[in-house]
Amino acid sequence: MKYVSFAIVVLVVALLPACAKKEATVQPQTFEARGIVKVITDSKSYVNIDHEDIPGYMDAMAMFFAVKDSTVLNGIAVGDSVQFTIAIDDMEPAIVLLEVIE
């Protein structure tokens, strides 16, 4: 019985790196959208955008999105029409690209 338990532990330890590697290669799902900036938080970690439908993800609405890197907000102001990319990672949507459009 002692050898069976040891064999199971060895097998589990051997498989853990393969499982972790598989998870690390999963790419976040991304969506493109357009909308109007309504609020940029003082911390620049969230932006509220009144956006159009995001096909395959959500209907049109105004909502706050997390911002992964605050530098994407450089040159962006409340009232700007924008095109943006959100990435869904661990079920959390976050803006990864944001640019003003005419």
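**Student:** Got a minute to help me understand the sheet that holds strand S4 (residues 81–89) in this structure?
**Tutor:** Sheet strands associate in pairs through backbone hydrogen bonding, adopting either a parallel or an antiparallel arrangement. Read around the closed barrel, 5 strands run S1-S2-S3-S5-S4, paired in mixed fashion. Within this sheet the neighbouring strands show an average axis-to-axis angle of 55°, counted without direction. Inspection of the sheet shows strand S3 (residues 61–67) paired to strand S5 (residues 92–100) by 2 bridges, in the parallel sense. Across the sheet, Ala66 pairs through a bridge with Ala94, a residue of S5.

**Student:** Just checking my understanding: could you explain the nonpolar core for this structure?
**Tutor:** One broad rule of soluble globular proteins: the nonpolar side chains tend to lie buried together. Formed by 19 residues in total, the largest nonpolar core has its most connected members in Val47, Ile49, Val82, Phe84, Ile86, Ile95 and Leu98. Take this core: its biggest share by element is 4 residues, from S4. When near neighbours in sequence (up to four residues on either side) are disregarded, Ile86 contacts Gln29, Thr30, Phe31, Ile54, Tyr57, Phe65, Ala94 and Ile95.

**Student:** Is there a simple way to think about the side chain of His51 in this case?
**Tutor:** Mapping His51 onto the fold places it in strand S2 (residues 46–51). Judged by its relative accessible area of 3%, His51 is buried. Discounting chain neighbours no more than four positions away, the residues touching His51 are Arg34, Gly35, Met58, Asp59, Ala60, Met61, Met63, Phe65 and Phe84.

**Student:** Even after reading the chapter, I still don't get the pairing of S2, so can you show me in this structure?
**Tutor:** Along any regular strand the residues' side chains alternate between the sheet's two faces. Here strand S1 (residues 29–40) pairs with S2 via 5 bridges, running antiparallel. Within S2, the residue paired with Ile40 across the bridge is Val47. Counting the residues in the hairpin turn of S1 and S2 gives 5 residues, including Lys44, whose phi is positive at 60°.

**Student:** Help me understand the packing of aromatic side chains, please; the structure alone is not making it clear to me.
**Tutor:** The geometry of an aromatic ring pair is captured by two quantities: the separation of the ring centres and the angle between the planes. The full count for this structure, using the stated rule, is 2 aromatic pairs. Relative to Tyr57, the ring of Phe31 has its centre 4.9 Å away and its plane inclined at 25°; by these criteria the two rings are stacked. Taken together, the positions of Phe31 in strand S1 and Tyr57 in the loop between S2 and S3 put the pair 26 residues apart, joining distant regions of the chain. The class of Phe31 is buried, set by a relative accessible area of 10%. Relative to Phe84, the ring of Phe65 has its centre 5.6 Å away and its plane inclined at 55°; by these criteria the two rings are tilted. One end of the pair, Phe65, is in strand S3; the other, Phe84, is in strand S4, with 19 residues separating them in the sequence. Here Phe84 falls in the buried class, since its relative accessible area comes to 1%.

The rules behind these values
- Residues numbered from 1 in each chain as written.
- Predicted model: local features only at pLDDT ≥ 70, side-chain atom pairs only at ≥ 80, totals over all residues.
- Heavy atoms only, no water.
- Pairing = 2+ DSSP bridges.
- Helix = DSSP H or I, 4+ residues; strand = E, 2+ residues; numbered from the N terminus.
- Axes fitted to C-alpha atoms, helices over the stretch in contact; angles between N-to-C directions.
- Core = buried A, V, L, I, M, F, W, Y, C linked by side-chain atoms within 4.5 Å.
- Buried < 20%, exposed > 50% of the residue type's maximum accessible area, 1.4 Å probe, protein only.
- Contact = heavy atoms within 4.5 Å.
- Phe/Tyr/Trp six-rings, centres within 6.5 Å; stacked < 30°, edge-to-face > 60°.

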